[in-house]
Amino acid sequence: MKISVRNLEPTKVRLTITVENDELKPYLDKARTDIAKQVNIPGFRRGHVPGKLVEQRFGFGAIAGEAVQDAVPEFYDKAVQEKDLRPMDQPKLDVKDIPDTEDSDTKLKFTAEVEVRPKFDLPELSDLTIEIPAAEVTDDDVNQRLESLRKSYATLASVDRPAAKDDFTNIDLTARIDDEVVDSQEGVSYQLGSGTMLDGMDEALEGLSAGEETTFEGTLEAGEHEGEKAQITVKVNSVKEEQLPELNDEFATEASEYDTLDEFKEQLRKDSAEVAEARQATEARDAFLAKLEGDIEIAVPKGLKEKLTEQNLGAVVADPKKATKEQKQEAEEQAEKQLRDQILLDAITEKLDVKVSQSDVINFLASVAQQYGMDPNQFISSVVRNGQLPGAAQEVARSKGLLAAMRAVTFQHDGQDVDLSKFLGEEEEQVENEAKAEEEASVQAAEAAAAVAAEASDKAEEAKED
């Protein structure tokens, strides 16, 4: 096999691969066997038709075409490994030449265009010292948590006055375009200042009492007339204000297991300290990635960036074509950051020779299933069935690589080392935990594999019956 590589962009290459006839021969033989299993020729049992007879009946072109389908992806994989490339997307394959006979002077030749991970040198991680903010807890932090809990115990009481900011209203809405009603809703609940409805709604409602109405111009944000200007008539049915409980021992007893407000505040301070430490670990992660990405020039694949930008836009607006300039720019910046992080973490994972065990992947998938309230075995079976296991393993590798890299770095605040082992873990502890989890993960993996096999068997039985 001959391979030539041409750089099309900093992160895109074109491979031209020429396969020798003797390398293609096993694929031709397999193609003859596969075709023989699918055809009926008088005098021969299915699957026992001689290869030469298959070739006489269907022609060498049919055999070569079948062989190329298996050969091209495998020779592409070998070429990528030989040239030490790191593909980041599926290749665009283009077959240029196919031999017309087994001994033809024309050889199998194809090209593969693919976006690849850029190459760059990582610094010695143990030499890095990164400054991070302190994990401080202030009285304001405690009071904010207390106020948030207080709001959860609030009650609503009707008031005989005009609506003001933070009041809760019950309203009827009618939208008209050219005097034609295009939307109408009754009994809608809305809190002034929440910003969850049309622009201009807060200004229109403020100052209105129950039974009063007004009309304003607004832009419809959903439905058939999304994006169009309309005359919005809003009528207030009721106005209610939020009444908060007093902060005293009685509230502490109702909202917690403590008898006094002081005891409750002390627990909230401890909770706030844990939140602050977790926030500090997140800030350390961000500072670590920012430090490396600031010191290393990382080219981002254009094609992948465009795809990811489109995905990010789709999560924000129903029709990406109608996205604003600001939304497009934000989606593009987000895509570039995501790709830089992925590229950097993949390089770190490779440098540190991070290993991903079966338990790592199973535990990761089980945690994802739990987040979505799904049965872990069913979710894992679905991932395996849809060919998404390699992607899951890659995500786990990146996560492990990030933790391993951060353990090698020194984090400081005001010149003092910060211990993040509570969040980063210790390498010895991690190995021990993985060993304990491996047995449980093996059971889950076996159950998932059995489920997939059972499903495949059922489908095979149905095919036979058909």
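Our structure is the block above this text.
Residues numbered from 1 in each chain as written. Predicted model: local features only at pLDDT ≥ 70, side-chain atom pairs only at ≥ 80, totals over all residues. Heavy atoms only, no water.

A. Layout of the layout of surface pockets. Taken as a whole, the largest pocket holds about 720 Å³ of empty space. Lining the largest pocket we find 24 residues, and of these Pro87, Met88, Asp346, Gln394 and Arg398 sit closest to its centre. Listing elements by their share of the lining of the largest pocket, those giving two or more residues are helix H8 (302-314), helix H9 (325-351) and helix H12 (389-408). Looking at the lining of the largest pocket residue by residue, the class counts come to 8 nonpolar, 8 polar and 8 charged. (1 Å grid on protein atoms, 1.4 Å probe; cavity = no way out; pocket = protein on both sides within 12 Å on 5 of 7 lines; lining within 4 Å. Points joined across faces, edges and corners; volume = space filled by probe spheres on them. Helix = DSSP H or I, 4+ residues; strand = E, 2+ residues; numbered from the N terminus. Nonpolar A, V, L, I, M, F, W, Y, C, P; charged D, E, K, R; others polar.)

B. Examining the side chain of Asn312 more closely. Secondary-structure assignment places Asn312 in helix H8. Beyond its immediate chain neighbours, meaning those up to four positions away, Asn312 contacts Ala331, Gln334, Ala335 and Gln338. (Contact = heavy atoms within 4.5 Å.)

C. Geometry of H8. Under the 1.5 Å per step criterion, the end-to-end length of H8 is 18 Å for 13 residues, consistent within 8% with the ideal 18 Å. Among the residues of H8, Leu304, Lys305, Leu308, Thr309, Asn312 and Leu313 are the ones counted as buried. Taken end-on, H8 shows its buried residues confined to a sector of 170 degrees, consistent with a single buried face. Residues of H8 that are exposed and angled more than 90 degrees away from the buried face: Glu306 and Gln311. Looking at the buried side of H8, the elements it contacts are strand S4 (108-115) and H9. (Expected span 1.5 Å × (residues − 1). Buried < 20%, exposed > 50% of the residue type's maximum accessible area, 1.4 Å probe, protein only. Arc of directions from axis to C-beta.)

D. Geometry of the packing of helix H10 (residues 358-371) against helix H11 (residues 376-385). Close contact between H10 and H11 brings their axes to 9 Å; oriented N to C, the two are set at 115 degrees. By crossing handedness, the relation of H10 to H11 is classed as right-handed. Contact residues: Ile362, Leu365, Ala366, Val368 and Ala369 in H10; Pro376, Phe379, Ile380 and Val383 in H11. Class assignment of the residues belonging to the contact of H10 with H11 gives a composition of 9 nonpolar, no polar and no charged. (Axes fitted to C-alpha atoms, helices over the stretch in contact; angles between N-to-C directions. Left-handed = near helix turned anticlockwise from the far one by under 90°.)

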